[in-house]
Amino acid sequence: MIDLKDIKFLSFLLTLLPIVAAAQQENTDTIAHEQTLQEVTVEATSQRTSTNVTTYLPDRNVKRTAQNAVDLLGKMAIPQINVNPIAGSVQTNSGNDVAIFIDYEKASQAEKDAINPQDVRKVEYLVYPTDPRFGNEKYVINIVLFHYDYGGYVKLTGTDNLIVGSGNGQAYLKMSYKKMTYDLSIYNKYTDRGHTGTEQTQVFRLPQADGTIAEVTRSTTLDDSRYQQNYFWASLRAKYAAEKTTISNTLNIISTNAPHNDYSGRVVFSSPLFQTAESAYANLADEKVVNPYWSGNYYFDFGKQWNLSISPWVDYTHTVSNRHYISDGTDIVTDASENYFNAKISTTLSKTFKKYHTLRFFLFGAYVHDKVKYTGSTVASPTFRQYGWTAFPYYNFAKEKFNLQIGGGVVSESNTISGVTNNSLLPVIQFESSYSPSDKHQFELSVNYNFGAVEMSDKTPDVIQSNELLYQTGNPLLKNLSFVKSDFTYTWLPSNKFSMTGFGGWIRRFDYITPVFTPDGPDGLMLRSLENGGDYQELYVGSSVSLKLFDRSLILNVNPEVVFQKQTGRYADTNTFPMVNVSATYYLKNFYFSAYYLWYSKTMLRRGLDMTHAQGKDYYSMQAGWSNGKWNISASAINIFRKNWLADTSWLNSQWFDQTTQTYSANSHQFVSLSASYIFSFGKKIRQGDELQNSSSSSSAIMK
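If you're wondering where the values come from, they're calculated on a predicted model, not measured in any experiment. (Residues numbered from 1 in each chain as written. Predicted model: local features only at pLDDT ≥ 70, side-chain atom pairs only at ≥ 80, totals over all residues. Heavy atoms only, no water.)

A. View of the pattern of salt bridges. One pass over the structure, following the stated rule, counts 19 salt bridges. With a closest N to O distance of 2.8 Å, K106 and E137 form a salt bridge. Here E137 lies in the loop between β7 (120-127) and β8 (139-145) and K106 lies in strand β6 (residues 105-106), a separation of 31 residues in the sequence. The salt bridge involving E215 is made with R205; its shortest N-O contact spans 3.5 Å. Separated by 10 residues along the polypeptide, E215 in strand β13 (residues 213-220) and R205 in strand β12 (residues 197-207) bring together distant segments of the chain. Given the relative accessible area of 16%, R205 is considered buried. Three or more residues are tied together by salt bridges with common partners; here these are E105, E111, D183, R237 and K239. (Salt bridge = Lys/Arg side-chain N within 4 Å of Asp/Glu carboxyl O. Helix = DSSP H or I, 4+ residues; strand = E, 2+ residues; numbered from the N terminus. Buried < 20%, exposed > 50% of the residue type's maximum accessible area, 1.4 Å probe, protein only.)

B. How the structure looks around the pairing of strand β21 (residues 402-417). Two strands pair when backbone bridges link them, and strand β20 (residues 383-399) and β21 are joined in this way by 14 bridges, in the antiparallel orientation. Residue pairing for β21: Q386 is matched across the bridge by N415. Inspection of the sheet shows β21 paired to strand β22 (residues 420-438) by 16 bridges, in the antiparallel sense. Looking at the pairing, E413 lines up with S424 of β22. From the end of β21 to the start of β22, which pair antiparallel, there are 2 residues, and S418 there has a positive phi angle of about 50 degrees. (Pairing = 2+ DSSP bridges.)

C. Layout of the pairing of strand β35 (residues 613-616). Of the strand pairs in this sheet, strand β34 (residues 603-604) and β35 are connected by 2 bridges, and their pairing is antiparallel. Bridge pairing in β35 links T603 to A614. By the bridge criterion, 4 bridges tie β35 to strand β38 (residues 646-653) in an arrangement that is antiparallel. By the bridge assignment, Q615 is partnered in β38 with T649.

D. Seen up close, the environment of S327. As for its placement among the helices and strands, S327 is situated in strand β17 (residues 306-327). Separated by 162 residues in sequence, S327 and T489 place their C-alpha atoms 54 Å apart. The residues touching S327, leaving out its near neighbours within four places in the chain, are V267, S279, A280, Y281 and E468. One polar contact links S327 to E468, side chain to side chain, over a distance of 2.6 Å. (Contact = heavy atoms within 4.5 Å. Polar contact = N/O pair within 3.5 Å; in protein donor to acceptor, adjacent residues only side chain to side chain.)

E. How the structure looks around the sheet that holds strand β25 (residues 470-472). Strand order in the open sheet formed by 4 strands is β24-β25-β29-β28, with mixed pairing between adjacent strands. Only two strands of the sheet have a single partner each, and these edge strands are β24 (464-465) and β28 (513-518). Of the strand pairs in this sheet, β28 and strand β29 (residues 526-532) are connected by 6 bridges, and their pairing is antiparallel. Across the sheet, the residue bridging to F517 is R528, located in β29.

F. Structural view of the environment of H195. By secondary structure assignment, the location of H195 is in the loop between β11 (180-193) and β12. For the pair H195 and L646, spaced 451 residues apart in sequence, the C-alpha separation works out to 9.0 Å. With near-sequence residues (within four places) excluded, H195 lies in contact with S225, W645, Y664, S665 and A666. Only 3.5 Å separates the side chain of H195 from the side chain of W645, close enough to count as a polar contact.

G. Main features of a nonpolar patch on the surface. A surface patch of nonpolar side chains, amounting to about 570 Å² of accessible area, comprises L184, I186, F232, L236, L251, I253 and V290. Those elements that place two or more of their residues in the nonpolar patch are β11, β14 (224-241) and β15 (245-269). Mapped onto the secondary structure, V290 falls in strand β16 (residues 278-303). You can call V290 partly exposed: its relative accessible area is 39%. (Patch = residues over 30% accessible without salt bridge, like charges linked within 9 Å, V, L, I, M, F, W, Y side chains within 5 Å. Areas by Shrake-Rupley, 256 points an atom, 1.4 Å probe, with all protein chains shown as cover.)

H. Examining the sheet that holds β7 more closely. Pairing within the open sheet is mixed, and its 6 strands lie in the order β1-β2-β7-β8-β5-β6. Sheet topology places β1 (47-49) and β6 at the edges, where each strand pairs with a single neighbour. One ladder, built from 3 bridges, connects β1 with strand β2 (residues 53-56); its direction is antiparallel. If you follow R48 over to β2, its bridge partner there is T55. Helix-sheet contacts for helix α3 (residues 69-76) involve β2, β5 (99-102), β7 and β8, and the interaxial angle to β7 is about 80 degrees. (Axes fitted to C-alpha atoms, helices over the stretch in contact; angles between N-to-C directions.)

Right, here's the structure in full:
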């Protein structure tokens, strides 16, 4: 296993390389008297930055070997973002989610998986973009493609994860004719595995009639488990794209069938309050979900610097879930059905005045109706209705090397839950400024005050029994979560071979949601409820360094970070949370080899309804593959030296209740992933000139 000290040394070494290279160049700049001039090769730049956008050109190795959009971004080693190939996530180095767009339209998971890397023209990383097509996103990756005058491609992919019992397949067809493009995608994923579930030790302190406190320890072991799921997704999109107009409509249907989410073992009690100190238990669960939805994306350029973007969305979800918990003397049935309807629309209107000044107005509206029906041991029918709207005006000033954006507005929300209504009106403030003295340097600072919405399941007033001693409920009066966040980033792109980003920031969450355990449940047992209380803070600092050596045949990236955490209130504590990830890719003709390693320490959880701290495992993967641009075949070994199934350990300590949970997951165990894809392109592709080289510049309310 890689030692953390070695990783820090490697990061330090990578930081010194450009300095050493510059010193060597300075010592050899003196021209001898009789020196023969050699042929000079000028390499076009493949990366440049400006005030709020950094543009990268993927090289032929990356485009030939990338399997999807996330894999493309990972192989490009963009220093401003952190790509986790195991989780398939893309975030900024500061932990902000990055929205992925393809040709200025937000990409679905199917579109990210089905992209043809050979069609990628350039990749843009944008911070607080003013283009209305990006809506109100703060951090954006926009993948710009070569277009087809007519034609398109077919892409077939398949993945099988050996040992852990999962795999997926996708068939994708893209067809274009002049201004029209049609996409058809069919995706299926199956999972059938054991070794999933939890082992827990819970300590209950229950007041007795005589005034004493009875301490009962309940421990469970995991002896057997099975998780089986089949996930199906089909989508059809029709898109009209002209010079000043884009009209896109997408129909989707998702069907999920999980007949088994079962685990069993032994439950042990330490108190004579129970006649049986040890007995067998079984938790049997299944779920079916059907989710059709429609989304639209409309953009209009009216001329004279007026632009309008409209994105509507309508979806319906029907869920049926069943849970049956059985142990000696306990039989808990929690069956639920849910009908969820959601309609929302976002609109962005922008106008640029005198070249440097832009006014942008963002308006968002949403309506949610959610009906849940519980049967079995608990009979209840909570109904959720939610109305909300958001209005944000923005002002942007951009001139040469400097960019400034100021925005503010209000978020209005009205919730009615089982007859209880809660209204809120919250302010939102955003500030962003960036300075780019040249196309190799960018400084960026952002500060914003915003809020996060409470999950509907957290607001349910009904009481649900979890086990022999524990009940749980929500809180209809929970307040939305406000926070203030600031980020600072410096990006340096001295050459095609080297790039780096240094970053830091601070976040404070006010009145975050915390679990409360009290002996106020039925029959004097334990009840978990929720409340707003206490603040949570993070201070973080780190860097990301990328090297592209040997004519970009070897790509290295090192990303160390340290997070300082503090929370007040019921679970007051402090913590230092270091982490580092390292990735490397090497190309040898049509073959490629890559490795990834992620290490992190104990962390305090930003959101935990029955836990406050967690300690995870490090993750590592090694991949070897072959690609000729059409066929792409690879084999990956993930956590290959780990033979246990333990993924993480979490815990919580309070006055009346303590809990330690060990979570087991197949993704933490060693496994081998085999993947293959085939792309068949047809028709005429339009290859525009590349301006970079030519210039200097669905939620559920069911409580689980």
